[in-house]
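# Examining the three-dimensional arrangement
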Amino acid sequence: MTGYLDGKNIVVTGAGNGIGRAIALGCAAEGANVVVADFGVSLHGEDPSSDVADAVVAEIAASGGTAVALASDISTMEGGAAAVQAAVDTWGSIDGAVCVAGILRERMIFNMTEEEFDDVIRVHLKGHFTVYKHASAIMRKQETGGSLVGVTSGAFTGSTSQANYAAAKGGIISLTKSAALALKRYGVNANCIAPSARTRMSENVPFEIEAGEPEDVAPLAVYLLSDAARDITAQVYTVVGPRISVWAQFGEVRSMFAPDLTSWTPEGIQEALPRTIGTEEHPTMALLEQQAAQRQAAAQANT
Ligand SMILES: NC(=O)c1ccc[n+]([C@@H]2O[C@H](COP(=O)([O-])OP(=O)(O)OC[C@H]3O[C@@H](n4cnc5c(N)ncnc54)[C@H](O)[C@@H]3O)[C@@H](O)[C@H]2O)c1
C-alpha cells in the first residue's frame, strides 16, 4: 500500500500537542518520516519538557510509522536548524516543514509588557523564520523542490486582547507569501493554514467560535505538503471542521485622485474621502458594539 506522502521527510514543529500532533500523525499515516519537534512547554511557553515529543513519536511508532523526537526551542536559530537537520541527518533530505508551535500571552495592549509582546512574536513569527530559512536553504540545494506550511489565525485581522498574537500571525502570512515568491523558481511552495480547533489554546476564548477538531486540519496540511499541490503557493486557507475556505489576496479596493493630479490637502481629503473611497468596516466592530450594549444593559439592570 502506498501513502499520499510516501518517502517524504517532514518536520512538524509544535507536534507534541493539539493541531501539530494531529498533523504529525496524519503525515506519518500517509507514509512520511516525521520529525516531531516540540519544546514541550505550557500554553504560556514555560516549563520545557521532552515528554510530549517522545509520546507522539511512540504513538507513530505504535501504528507502524517512522518518526524522531526533538525537544528544541524553534524560536532560536539553533532550534530551527536542529529541527531541519534532524530530518537530513536521519533520512538524508527534507521535503516539507509545517510550523505549528505557538504560545499565548493575552492582555489588553495598554497593559501588555515588552516581554509578553516579544515572547509571542519570537515563538510564532521568528519560529517560522528559523525553520523556513534552514529548510529552504537545503531544499534549494537538493533541487527536488519542497513545501513550507505556516500556521496563522483569523486573529491576524485584529484581536482585542491579543495584539502580540495578531501581529505575529499577520507577520507569518507576509513571511510565507515572501517565501512563496522567493522560492517559486526552486520548486518550493509556501502556504498558510488558519485553523480553528478545540485544543488547550482555544478553550478559553471568551466568546463563541466556530471550531472543529485538530484532526480536521491534518488532511489540508498533508495535501499542501504533497507533490499534487506543488503549484499551489502564496495562499491562506482557513480550515474549521468540514469547511475549508481560501482568503483573498490583499489589495486596494477603491482609489481617489487629487484634483488635477496635484497634492491632496487635509481639507480636500475631509471633503472627498467619506463620499468617494470611504472606509471598509472591520468585521469585529459589530461584535464590539453588541458587547458594549450588553454591558450597558447589565449595568442598568444592576442599578
Ligand atoms: N486551536 C485553535 O483553534 C487555533 C486557532 C488559530 C490558530 N491556531 C494556531 O495553531 C497552532 C497550534 O495551536 P494548538 O491549539 O494546537 O496549541 P497547543 O498549545 O495545543 O500546541 C502548541 C505546541 O507548540 C509547542 N511549542 C510552544 N513553543 C514552542 C517552541 N518555542 N519550540 C517548540 N515548540 C513549542 C508547545 O509545546 C505545544 O505542544 C498555533 O500556532 C496556534 O496559534 C490554533
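Residues numbered from 1 in each chain as written. Predicted model: local features only at pLDDT ≥ 70, side-chain atom pairs only at ≥ 80, totals over all residues. Heavy atoms only, no water.

## Description of the site of the ligand
Around the ligand lies a shell of 29 residues, among which D38, D73, Y165, T199 and R200 are the nearest. A distance of 3.1 Å is found between an oxygen atom of the ligand and a backbone nitrogen or oxygen belonging to V100. Here the ligand, which alone exposes 830 Å², has 97% of that area covered by the protein. Across the shell around the ligand, the residue classes tally to 13 nonpolar, 12 polar and four charged. (Near = heavy atom within 4 Å. Polar contact = N/O pair within 3.5 Å; in protein donor to acceptor, adjacent residues only side chain to side chain. Areas by Shrake-Rupley, 256 points an atom, 1.4 Å probe, with all protein chains shown as cover. Nonpolar A, V, L, I, M, F, W, Y, C, P; charged D, E, K, R; others polar.)

## A word on the side chain of S153
As for its placement among the helices and strands, S153 is situated in the loop between β5 (146-151) and α5 (163-183). A polar contact of 2.9 Å, which involves the side chain of S153, links it to the backbone nitrogen of A155. Leave out the neighbours within four places in its chain, and S153 touches Y165, K169 and A194. (Helix = DSSP H or I, 4+ residues; strand = E, 2+ residues; numbered from the N terminus. Contact = heavy atoms within 4.5 Å.)

## Overview of the domain arrangement of the protein chain
Parsing the protein chain into structural domains produces domain 1 (9-246) and domain 2 (259-301). Look at where the C-alpha atoms of domain 1 and domain 2 centre, and you get two points 36 Å apart. (Domains from an automatic or database assignment.)

## Some details on the pattern of salt bridges
Using the criterion set out here, one finds 10 salt bridges in the structure. With its nearest N and O atoms 2.6 Å apart, the salt bridge here joins R254 to E280. Of this pair, R254 sits in the loop between β8 (243-246) and α7 (266-272) while E280 sits in the loop between α7 and α8 (285-301), and the two are 26 residues apart along the sequence. Exposure remark for E280: the relative accessible area of 55% places this residue in the exposed category. The residue E271 makes a salt bridge to R275 at a minimum N-O spacing of 2.9 Å. Beyond isolated ion pairs, a larger network of salt bridges with shared partners links K8, D227 and R230. (Salt bridge = Lys/Arg side-chain N within 4 Å of Asp/Glu carboxyl O. Buried < 20%, exposed > 50% of the residue type's maximum accessible area, 1.4 Å probe, protein only.)

## What about a nonpolar patch on the surface?
Together, M108, I109 and F110 line one region of the surface with nonpolar side chains, adding up to about 340 Å² of accessible area. Among the residues examined, F110 registers a relative accessible area of 63% and is labelled exposed. (Patch = residues over 30% accessible without salt bridge, like charges linked within 9 Å, V, L, I, M, F, W, Y side chains within 5 Å.)

## Looking at the packing of helix α3 (residues 77-91) against helix α4 (residues 114-142)
Two quantities define a packed helix pair, namely the angle between the helix axes and the distance between the axes. Relative to each other, α3 and α4 sit at 40°, their axes nearing to 8 Å. Considering their axes alone, α3 and α4 lie oblique with respect to each other. Crossing hand, α3 versus α4: right-handed. Residues M77, G80, A81, V84, Q85 and V88 of α3 form the contact with α4, whose own contacting residues are K126, F129, T130, V131, K133, H134, A135 and I138. Grouping the amino acids of the contact of α3 with α4 by side-chain chemistry returns eight nonpolar, four polar and two charged. (Axes fitted to C-alpha atoms, helices over the stretch in contact; angles between N-to-C directions. Parallel < 35°, antiparallel > 145°, perpendicular 65-115°, else oblique. Left-handed = near helix turned anticlockwise from the far one by under 90°.)

## Some words on the sheet that holds β5
On the basis of which strands lie adjacent, the open sheet formed by eight strands has the order β3-β2-β1-β4-β5-β6-β7-β8 and mixed pairing. Because the sheet does not close on itself, it has two edges, and the strands there are β3 (66-70) and β8. Across the sheet, the mean angle from the axis of one strand to that of its neighbour is 20°, orientation sign disregarded. Here strand β2 (residues 33-37) pairs with β3 via five bridges, running parallel. (Pairing = 2+ DSSP bridges.)

## Looking at the side chain of T130
Positionally, T130 belongs in helix α4. Apart from the residues within four sequence positions on either side, T130 is in contact with I74, S75, T76, M77, G80 and A81.

## Comments concerning the packing of α4 against α5
One way to put it is that α4 packs onto α5 with a least axis distance of 8 Å and a crossing angle of 15°. With respect to their mutual orientation, α4 and α5 come out roughly parallel. In this structure, the crossing between α4 and α5 has a hand that is right-handed. Residues E116, F117, V120, I121, H124, L125, H128, F129, Y132 and S136 of α4 form the contact with α5, whose own contacting residues are N164, Y165, A167, A168, K169, G171, I172, L175, T176, A179 and L183.

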